[in-house]
Structure formats: structure tokens, C-alpha cells
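Letter by letter, the chains look like this.
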Amino acid sequence: MEYTRLGSSGLYVSRLALGTIPFGTGGGMEKIDGVDGKDAERQLDTALEHGVNFLDTANIYSGGDAERVLGEVLGTRRDRFVLTSKARTATGDGPNDAGAGRYHLTRAVEDSLTRLKTDHLDLLYLHQWDGQTPIIETIATANELIRAGKIRYWGVSNYNGWQLAKTVYEAQLAGLEGPISHQTYYTPEAREVEYEIIPAARDLGLATFGWSPLGEGLLSGQVRRGRPTSPDTRQGTDWPEPHVVDRERAYDLIDLFDEIARGLGWSLPQVVISWILTRPGVNGTVVAARRHEHLVEDLEAAELTLPDDARDRITAASQLPAYYPVWHRLLNGQDRPEPAEAEFYAEHQRALDAAGS
């Protein structure tokens, strides 16, 4: 397992994090959860055996029950992990039961600490942007939680590029600790974050960690063109994520991943995860599974090296359009390229050259 530094901090984490969204029961996540007790304990042991030191959870997973289960099984392993959780999303029906304001964030973190049976989080993610709370209040609250010893660092999740920039620069202007990492949805089927979000994070000095590298089960190998998806999988239910713009394109990519996997003797998820770990500006990704054999399979992807030709086939096949201002900058702005986005622009240029040949 390789380890990566989160942003400009001194914190090192494994490139694969163990996600706990399958932990616990309830909160409207019954179709994807159910890992408890011995099974949850086994997942932690397996993660440690594979060099994972990064744990990812959230206060809304199974209505808080995922944190409760994790707290019960952590025990003496607590200090072997960098423990994260998330807050901001609604935890109740009241007007202050959501958001990134001081009132809600402080209470949400305290409640998470109680469920997790620990006195601090190593990293708190803000789960979503809050368009109503002044960003300086959010930044100040994160700093108050650091000074109180309740969190060590903070980050953000599911932010736009401009929201990342506003958060970082407002923190700098106020002389306060800014975020060190952001978490974003990223798969070879969904590469939209390459347009601005990953380049923004690179320029701002934030680490980038992906979530759901298998697209909420879309790229697990269970979803195929012309074949019913098993009802005991996430995509076999009416689970609303991910948003797939072009279903036929997704099927074509799944066929390609399967062809590459069979040629290498790997699983389809291992191909996907390995590709993600080669991407510019990507520090790592979060893996989660209900079944132990699937977790092992995903973790072993960190030990595999995707051949260059396979990597390039996936990159070319999944390339997104060169939307403005990408195409205009390719024509007129490459005399002074931006380092934070250079690799992505080179991929766009290769795609355009191939299309014109």
C-alpha cells in the first residue's frame, strides 16, 4: 500500500480508504447496509492487513448507525487509523438540523464523537456546500473545533471548483486553518471533475480523494447490457445514484473494462480502481463493500499495476468532450499552459487529434 500526504498538511494516509457506508442498519439505507458486529470487525482487520490506515464514515450513514457500529468495533485499533466523518447534511427535521453553521456543525461533531466512542476526529469533511451560511462562519467553526481538540483537520466534499477556491482564500484572508482535502465522485464513467474541480484542488494545494470508484455499483461487473441486474445489489434496487448521462456509453465502457480484466486475469473492479489510482492529481479513493470477498478484491487493486496500453485505452474510450473554454484554450492558450490542468488538456488534444484523423 502506498501512502499519500493530504494537501499541505503533515498527515499521511493510505491511497485506499475503507468506507463504512455498508455499516449499520436503517436511516433509509437498508438496501445497501447491514454490515455489523463480527463482519465489521473483520473488515477493519482486513483493511489493516492490506496497509489501510484511513477510515471514512459520515453521520448520515444509516442514520448514524454506521458510526455506532464503527465505534463498537474500533476498540484498541483507534490509533492505528486516521478517522474521518462528515457533517452538514440534515440529521433531523428542525431548521437547525442541517447546514455548515456553527450551531449544527458543533452539535453534529459532538454527536459523532459519542457514537464513535472517541474524543476526536482526525479529519472532518463538510459533506456538501451550504449556500445559506457565510463561508467564514463555517471556516471559523472548523477552527474552533480544532482548538477544542475535537477535530485535527478539516476538508470538504462535493464542492464546485469556485467553492473550493472561495473556501481556501477566505480562510487565508482570515488567518485561519483552511481545508486540506476534498472528496469527490470520480470514476472512468464520470470524469466531469477533471474540467475544473481537480485542477482547482491541485492549484490550491488540496488533496483529492474519490468516493464510490465503482459508481455506486454501476462498475461492479454486475450491471451489463441486456441483462437484468440482481436485486441483491445496489443497482438492482431503485437506488437513485449515480446520475448516468449516457447509458449506452456506460455499457460500452463496462464491456471494455471486462475485456481488459479478462485479459489480465483481474476482476472488473480492480481494473477500474487501478485506473483511478493512476490519474493526475488523485491522491486516492474510498472503497466499501458489504461482502468480505469483494472488499479483499478491491483492496488488492492497490497492489496491481495497470499496463500502459490498458490505461490508455480506458482513458481514450472514456474521454469527455472538450467543452468551452477547453477547446478555445487548446487553440489559443497552450503557449503558456497551466500546470494544474496540463495532463487533462493533453488528453483532450489527443482525443481531438484522433477524431480528426
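From a predicted model like this one, the values you see are computed outputs, not experimental measurements.

Can you walk me through the overall build of the protein chain in this structure?
Helices and strands together make up the secondary structure of the protein chain, namely 12 helices and 10 strands. Here the C-alpha atoms of the protein chain give a radius of gyration of 20 Å, agreeing with the 21 Å that 2.2 N^0.38 yields for 357 residues. In terms of its C-alpha atoms, the protein chain occupies a principal-axis envelope of roughly 60 × 50 × 35 Å. Per-residue burial over the protein chain gives 55% buried out of 357 residues. For the protein chain, the exposed surface amounts to about 15,800 Å²; the carbon and sulfur share of it is 48%.

What should I look at first to understand the layout of surface pockets in this one?
Leftover empty space is mapped by rolling, across the atoms, a probe with the size of a water molecule. Of the pockets and cavities examined, the second largest pocket occupies roughly 360 Å³. For the second largest pocket, the lining is made up of 17 residues, of which E189, A190, E192, H243 and V245 are closest to its centre. Grouping the amino acids of the lining of the second largest pocket by side-chain chemistry returns 11 nonpolar, 1 polar and 5 charged.

Whenever I open this one, a nonpolar patch on the surface confuses me. Can you help?
On the surface, Y324, W327 and L331 cluster together to form a nonpolar patch covering roughly 400 Å² of accessible area. Mapped onto the elements of the fold, L331 is located in helix 11 (residues 326-332).

Just to check I follow, could you spell out the pairing of strand 3 (residues 16-19) for this structure?
Neither face of strand 3 is exposed, since L16 and L18 on one face and A17 and G19 on the opposite face are all buried. Where the polypeptide runs from strand 3 across helix 1 (residues 37-49) and back to strand 4 (residues 54-56), its parallel neighbour, the crossover connection is right-handed.

Any chance you could explain the packing of aromatic side chains here in plain terms?
Considering all chains together, one arrives at 7 aromatic pairs under this definition. Judged by centre distance (5.2 Å) and plane angle (85 degrees), the ring pair of W129 and Y159 falls under edge-to-face. Of this pair, W129 sits in the loop between strand 6 (121-126) and helix 4 (135-147) while Y159 sits in the loop between strand 7 (151-157) and helix 5 (161-174), and the two are 30 residues apart along the sequence. Classification of W129 by relative accessible area gives buried; the value is 18%. Accessibility expressed as a relative area gives 3% for Y159, which makes it buried.

Help me understand the sheet that holds strand 10 (residues 284-287), please; the structure alone is not making it clear to me.
Backbone-to-backbone hydrogen bonds join strands into a sheet, with any given pair of strands oriented parallel or antiparallel. Strand order in this closed barrel of 8 strands is 3-4-5-6-7-8-9-10, and the pairing throughout is parallel. Strand-to-strand, the axes of this sheet are offset by a mean angle of 30 degrees, without reference to chain direction. Here 3 bridges tie strand 4 to strand 5 (residues 82-87), and the two strands are oriented parallel to one another. Along strand 5, the bridge assignment pairs L55 with L83.

Hey, could you run me through the pattern of salt bridges in this one?
Two side chains carrying opposite charge are able to pair once their charged atoms lie near each other. Counting across every chain of the model gives 29 salt bridges. The network of salt bridges with common partners includes R224, R225, E248, D252, D255, D258 and R262.

Help me understand the packing of helix 7 (residues 247-264) against helix 8 (residues 268-277), please; the structure alone is not making it clear to me.
Two quantities define a packed helix pair, namely the angle between the helix axes and the distance between the axes. Look at helix 7 against helix 8: their axes get within 8 Å of each other, and the N-to-C directions meet at 100 degrees. Here helix 7 is positioned roughly perpendicular relative to helix 8, judged by the angle of their axes. Here helix 7 contributes I254, F257, D258, I260 and A261 to the contact with helix 8, which in turn contributes L268, V271 and V272. In the contact of helix 7 with helix 8, the residues fall into 7 nonpolar, no polar and 1 charged.

Got a minute to help me understand the nonpolar core in this structure?
For soluble globular proteins, nonpolar side chains are generally found buried alongside one another. Residues L44, L55, L70, L164, L219 and I314 are the most contacted members of the largest nonpolar core, which totals 83 residues. Not counting residues within four places of it along the chain, the set of residues in contact with I314 comprises P188, R191, L256, F257, I260, V271, W275 and L306. Within the second largest apolar cluster, 12 residues are counted, among which are L11, A17, Y125 and A207.

How should I be thinking about helix 10 (residues 308-317) in this particular structure?
The periodicity of an α-helix, 3.6 residues per turn, causes residues three or four positions apart to be oriented the same way. Among the residues of helix 10, A310, I314 and T315 are the ones counted as buried. Buried residues of helix 10, viewed axially, fall in a sector of 135 degrees; they line one side. Exposed and oriented more than 90 degrees from the buried face of helix 10 are D309 and A316. At its buried positions, helix 10 is contacted by helix 7, helix 8 and helix 12 (342-356).

Criteria and cut-off values
Residues numbered from 1 in each chain as written. Predicted model: local features only at pLDDT ≥ 70, side-chain atom pairs only at ≥ 80, totals over all residues. Heavy atoms only, no water. Helix = DSSP H or I, 4+ residues; strand = E, 2+ residues; numbered from the N terminus. Rg over C-alpha atoms; globule rule 2.2 N^0.38 Å. Buried < 20%, exposed > 50% of the residue type's maximum accessible area, 1.4 Å probe, protein only. Areas by Shrake-Rupley, 256 points an atom, 1.4 Å probe, with all protein chains shown as cover. 1 Å grid on protein atoms, 1.4 Å probe; cavity = no way out; pocket = protein on both sides within 12 Å on 5 of 7 lines; lining within 4 Å. Points joined across faces, edges and corners; volume = space filled by probe spheres on them. Nonpolar A, V, L, I, M, F, W, Y, C, P; charged D, E, K, R; others polar. Patch = residues over 30% accessible without salt bridge, like charges linked within 9 Å, V, L, I, M, F, W, Y side chains within 5 Å. Salt bridge = Lys/Arg side-chain N within 4 Å of Asp/Glu carboxyl O. Right-handed = clockwise from strand over helix to strand, strands pointing away. Phe/Tyr/Trp six-rings, centres within 6.5 Å; stacked < 30°, edge-to-face > 60°. Pairing = 2+ DSSP bridges. Axes fitted to C-alpha atoms, helices over the stretch in contact; angles between N-to-C directions. Parallel < 35°, antiparallel > 145°, perpendicular 65-115°, else oblique. Contact = heavy atoms within 4.5 Å. Core = buried A, V, L, I, M, F, W, Y, C linked by side-chain atoms within 4.5 Å. Arc of directions from axis to C-beta.

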